[in-house]
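Examining the three-dimensional arrangement
Residue-level listing of the chains:
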Amino acid sequence: MPNNNKIILHAPLAGPQVPLDQVPDPVFSSGTLGDGVAIDPVNDVLHAPCAGEVVQLARTGHALTLRAANGAEVLLHIGVDTVQLQGRGFSPLVALGDQVTQDQPLIRFDMDLVAQHCVSLVTVMLISNGPGFGLKRLETRCAQLGVALLEVEATGNTVQAQAASHESARGHARVAHHGGLHARPAALLRQTAQGFQSQAVLRFAEREADLGSLVAVMGLGVGEGAEVELICRGPDSQAALQALIAAVQTASVSEHAAKPAPLPAIKPSPNAEPGMLNGVCAAPGLALGPLARLDGISLPADSGDNDPAEQHQALNSALAEVRHAIDRDWRHLPRGQEDAAAILEAHLALLDDPALLGDARQHIASGVAAGHAWSHAIDTQCQVLRSLGNPLLAERANDLYDLQQRVLRALLGETRQLRLPPSAIVVAHELTPSDLLLLARHDVAGLCMAAGGATSHVAILARARGLPCLVAVGEALLELPAGTPLVLDADQGRLETQATAQRLAEVQRQVQQRREIRQRQQAAAQASARTRDGQLIEVAANVASAEEAAQALAEGADGIGLLRSEFLFIDRPTAPDEAEQRSAYQAVLDAMAERPVIIRTIDVGGDKQLDYLPLPAEANPVLGLRGIRLGQMRPELLDQQLRALLQVSPQQRCRIMLPMVTEVDELVAIRQRLDRLADELGVTARAELGVMIEVPAAALLAERLAEHADFFSIGTNDLSQYTLAMDRDHAGLAARVDALHPALLRLIELTCQGAAKHDRWVGVCGALASDPLATPVLVGLGVAELSVSAPQIGEIKALVRQLDASACRRFSQGLLGLSSAAAVRQACRDFAALAHAQPAAAAALQQ
Ligand code: PEP
Ligand code: MG
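Residues numbered from 1 in each chain as written. Chains lettered and ligands numbered in written order. Predicted model: local features only at pLDDT ≥ 70, side-chain atom pairs only at ≥ 80, totals over all residues. Heavy atoms only, no water.

Secondary structure summary: the chain contains 28 helices and 34 strands in total. A total of 847 residues make up the chain; the buried ones form 53% of that total. When contacts within the chain are restricted to residue pairs at least 6 apart in sequence, those whose partners lie at least 24 apart make up 71%. Counting only carbon and sulfur atoms, one obtains 51% of the accessible surface of the chain, whose full area is about 34,900 Å². (Helix = DSSP H or I, 4+ residues; strand = E, 2+ residues; numbered from the N terminus. Buried < 20%, exposed > 50% of the residue type's maximum accessible area, 1.4 Å probe, protein only. Contact = heavy atoms within 4.5 Å. Areas by Shrake-Rupley, 256 points an atom, 1.4 Å probe, with all protein chains shown as cover.)

Listed below in structure tokens is the structure:
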């Protein structure tokens, strides 16, 4: 007679068995997570040890739990410490909720990657909801795939988890995140919690949320500055608690950057004027065009007696499709779009959210169609978020709505083909981030929403794309018929809905005028920029790839002032070899026609880490092994890069630049190395060798360095950090890490004077070069090259052309005696206002 309490677990992988107490992770070896077996795998696909349901699947794909027929929860965890790979190298072949058969492939993994980056490949199979199960070992030696390993018998006293027997730790923290625990901070907490075995909950206002669920955390409505309690239960509860406290108390830099830029302070006011709707400016600008509606999906009626298995499967496939699409968008985001990346990451986390999925699956189990079940789950959570009285959290409901629509489109097979009139003003109740990504591919003039807020993710994305956007306009907006000619003056928070032909023509002229100024600046950008008294200022671009270089050339770059070569090295499992580096550098030179390219040698360490080059943990990473110091510790890496650089052609157009130089001997040693490598390669032409001036020591030694360097480029980002002793990524100090500080200006002057003694030129490639207020100052101090972000080339060149270098010299000398960065900034504003007040100068600015 079959015994339903007894199941057999078969080997999920082939390979020798390792005694559980010898697994190199105390969480497993101590048995606290449960009893079972461990295998050192020789194959790369994890198979199901028995039939069952996938009841847990780590988002990072390295572990899953199957619930077997007798209730045993079988945890399969590939490798030790593999959560830190954050999903790289793991491809789940099943989804949460799937019913699997014995031996069905579950997860494919990259054995080389795991072996190189993690403590061990040893994979454990444990019963995680013991002790209500008796285990009998059937095979203890080398396991063959599928061979019977364990007999697991339910003894009738199953417990759900062992949390009760685990240690627990609790502590308090004050929320530092801007706007409280909304989607992105909640996702950060969830990710932090995932790094530990302990279960973590957050308590606020007598309510609790599991940190595994974004919606549950957001649903607590925790505001900025609120105090929360964290409770961790499990074998590593103390460590988890400390990490979570730090995560609650530390607002991330990208979050700081994502804070809306100061916008015109306009409140929605009653729409008193006829033909006028008022709203809140979410992205500034002026636009006009015909109204086009963008509406959500309407679901077909539901009979309510659907087959749950089919509907579960349909929802799983739709979720997988959306996950895949978000992942693809995420991978293709251009560099520097950290805000958009964070939004997509939060969306990915929401797709796995246990509270949302649990709710949807419960409805499916009672016969509801997958689309309705998913919609219902999202609507419920949206209502919770909107009822909290926190505008920022209410806006996060829009992210949920976005996911609702995306999953519904995947379920219903709708692919969105927008048909919009040219230069449309798109109107919607509330647009979602993916709407915006879709709209960005069309000719859209502006955006207008009945709901929404200026801090929503959509607002952040609209600003990044320069699309004028008005939010919180009210429901009256949705009553306007498609095709209505609109004037959207986002700067003033107004939407004109009954503009006369005369008004439309006037706005058209203004829009055209703004466009023409930008176009004129862009057209003139192809020519070099000289000051009115004839001084040539090269305006180059900072880039990270050949594609960005081509774009910079089109924008009028006189050259590349900084190629951050480390971007070729990061986000990949192994270092690029010499041939790959050579062709990447050559591609940048080729993209720049006849213009010079400065390639900075690898600058990792500090905030930029390489997975395949683990550096020792440092108390102060930005004061540790970074920049050229790394090349001294790992000379083979730098030699390989220098060899690649020596082989690009023509060498005359390639300039090599060294980051973080602090003394003359470093430069001399590298020049000697470069000569030796060139001799070995038989290369006679030699690239120029320059130095970044980004630590005060280098600026103070500029005259001595100039004896051996061909040029300097001032890295004002690091120079500010090291001069002012303020972390450049410190959110709380961001406003004070200002490179217009008089101390910085003195160092820049010293650098220019030292370089001039040996006839060397000086550029600036830090962010100060892109700040229009700083242009007269830098020109005045003797800087000959400004390396800026590509879209700003036209504007900076136009500015240079209206300056008088000798007036700039006088002006900048006066700044050196000022008392603070704020005083310098004010003086720069006054100087710019004066230039605008002079008609000749103003006219020149528009050329
Ligand atoms: C700088 O420090 O100003 C600079 C340009 O280098 P990075 O920002 O890459 O450190
Ligand atoms: Mg730097």
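Text resumes after the structure shown.
With that out of the way, let us pick up the packing of aromatic side chains. In this structure the tally under the stated criterion is 3 aromatic pairs. Taken together, a centroid distance of 5.0 Å and an interplanar angle of 5° make the contact between Phe-711 and Trp-761 stacked. In this pair, Phe-711 is assigned in strand E32 (residues 711–714) and Trp-761 in strand E33 (residues 761–764), connecting sequence segments 50 residues apart. Taking the centre distance of 4.1 Å and the plane angle of 15° together, the rings of Phe-811 and Phe-831 count as stacked. A residue pair is termed long-range when its members are at least 10 positions apart, and Phe-811 in helix H26 (residues 805–815) and Phe-831 in helix H27 (residues 821–837) qualify at 20 residues. Using a relative accessible area of 14% as the deciding quantity, one classes Phe-811 as buried. (Phe/Tyr/Trp six-rings, centres within 6.5 Å; stacked < 30°, edge-to-face > 60°.)

What surrounds ligand 1 is a group of 14 residues, the closest being Arg-564, Arg-600, Gly-715, Asn-717 and Arg-728. Between ligand 1 and Arg-564 there is a distance of 2.7 Å, counted from an oxygen atom to a side-chain nitrogen or oxygen. One of the backbone N or O atoms of Thr-716 is found 3.1 Å from an oxygen atom in ligand 1. Listed by contribution, the elements that provide at least two residues to the shell around ligand 1 are strand E28 (560–564) and helix H22 (716–724). With 3 residues, H22 is the single largest residue contributor to the shell around ligand 1. (Near = heavy atom within 4 Å. Polar contact = N/O pair within 3.5 Å; in protein donor to acceptor, adjacent residues only side chain to side chain.)

With antiparallel pairing, 3 strands are arranged side by side in an open sheet as E4-E10-E8. Taken across any chain shown, the strands that pair with only one partner, and hence form the sheet edges, are strand E4 (45–47) and strand E8 (90–92). Here the strands of the sheet are splayed against their neighbours by 20° on average, with no regard to which way each runs. One ladder, built from 3 bridges, connects E4 with strand E10 (residues 105–109); its direction is antiparallel. Looking at E10, one finds that Val-45 is bridged to Arg-108. (Pairing = 2+ DSSP bridges. Axes fitted to C-alpha atoms, helices over the stretch in contact; angles between N-to-C directions.)

Only Glu-694 (OE) and Asp-718 (OD) from the protein reach the magnesium ion (ligand 2) as donors, at distances of 2.1 to 2.2 Å. With Glu-694 in the loop between strand E31 (688–693) and helix H20 (696–700) and Asp-718 in helix H22, this pair connects stretches of sequence that are 24 residues apart. (Donors = N, O, S within 2.8 Å, 3.2 Å for Na, K, Ca; no water.)

Let us look at the side chain of Glu-555. Within the secondary structure, Glu-555 sits in helix H15 (residues 546–555). Despite being buried, Glu-555 has no salt bridge partner; Arg-518 is the closest side chain of opposite charge, sitting 4.3 Å away. If we ignore the near neighbours within four places in the chain, the residues touching Glu-555 are Arg-518, Gln-522, Ala-525, Gln-526, Ala-790, Pro-791 and Ile-793. (Lys, Arg positive; Asp, Glu negative; His and termini not counted. Salt bridge = Lys/Arg side-chain N within 4 Å of Asp/Glu carboxyl O.)

Counting residues in each nonpolar core, the largest one holds 98 residues, and the members touching the most others are Ile-560, Leu-705, Phe-712, Leu-745, Ile-748 and Leu-786. Setting aside anything within four residues of it in sequence, one finds Ile-748 in contact with Ile-714, Thr-716, Leu-768, Leu-778, Leu-781 and Val-783. Grouped together as the second largest cluster of nonpolar side chains are 60 residues, Ala-226, Ala-240, Ala-346 and Ala-360 included. (Core = buried A, V, L, I, M, F, W, Y, C linked by side-chain atoms within 4.5 Å.)

Time to look at helix H10 (residues 370–386). Three- or four-residue spacings in an α-helix give side chains the same orientation, since the helix completes a turn every 3.6 residues. Over its 17 residues, H10 runs 24 Å from end to end, which matches the ideal 24 Å to within 8%, given 1.5 Å per residue. When H10 is considered as a whole, its buried residues turn out to be Ala-370, Gly-371, Ala-373, Trp-374, Ser-375, Ala-377, Ile-378, Gln-381, Cys-382 and Leu-385. (Expected span 1.5 Å × (residues − 1).)

Working definition: the strands of a sheet are paired by backbone hydrogen bonds and lie parallel or antiparallel to each other. The strand order E1-E13-E12 describes an open sheet built from 3 strands, whose pairing is antiparallel. The open sheet is flanked by strand E1 (6–10) and strand E12 (133–137), the only strands paired with a single partner. Across this sheet, the average inter-strand angle for adjacent strands is 25°, counted without regard to direction. In terms of strand pairing, E1 meets strand E13 (residues 148–154) through 5 bridges, oriented antiparallel. Residue pairing in the sheet places Leu-9 in a bridge with Leu-150 of E13.

With that settled, the discussion passes to the pattern of salt bridges. By the definition in use, this model includes 26 salt bridges. Arg-137 serves as the salt-bridge partner of Asp-35, at 3.2 Å between the closest nitrogen and oxygen. A residue pair is termed long-range when its members are at least 10 positions apart, and Asp-35 in strand E3 (residues 35–39) and Arg-137 in strand E12 qualify at 102 residues. A salt bridge links Glu-707 to Arg-704, with the nearest nitrogen and oxygen atoms 3.0 Å apart. The class of Glu-707 is partly exposed, set by a relative accessible area of 36%. The network of salt bridges with shared partners includes Glu-566, Arg-600, Asp-603, Arg-626 and Asp-718.

Turning our attention to the environment of Tyr-612. In this structure, Tyr-612 sits in the loop between strand E29 (597–600) and helix H17 (628–633). Among the residues examined, Tyr-612 registers a relative accessible area of 18% and is labelled buried. Through-space distance from the C-alpha of Tyr-612 to that of Ile-570 is 9.2 Å; in sequence the pair is 42 residues apart.

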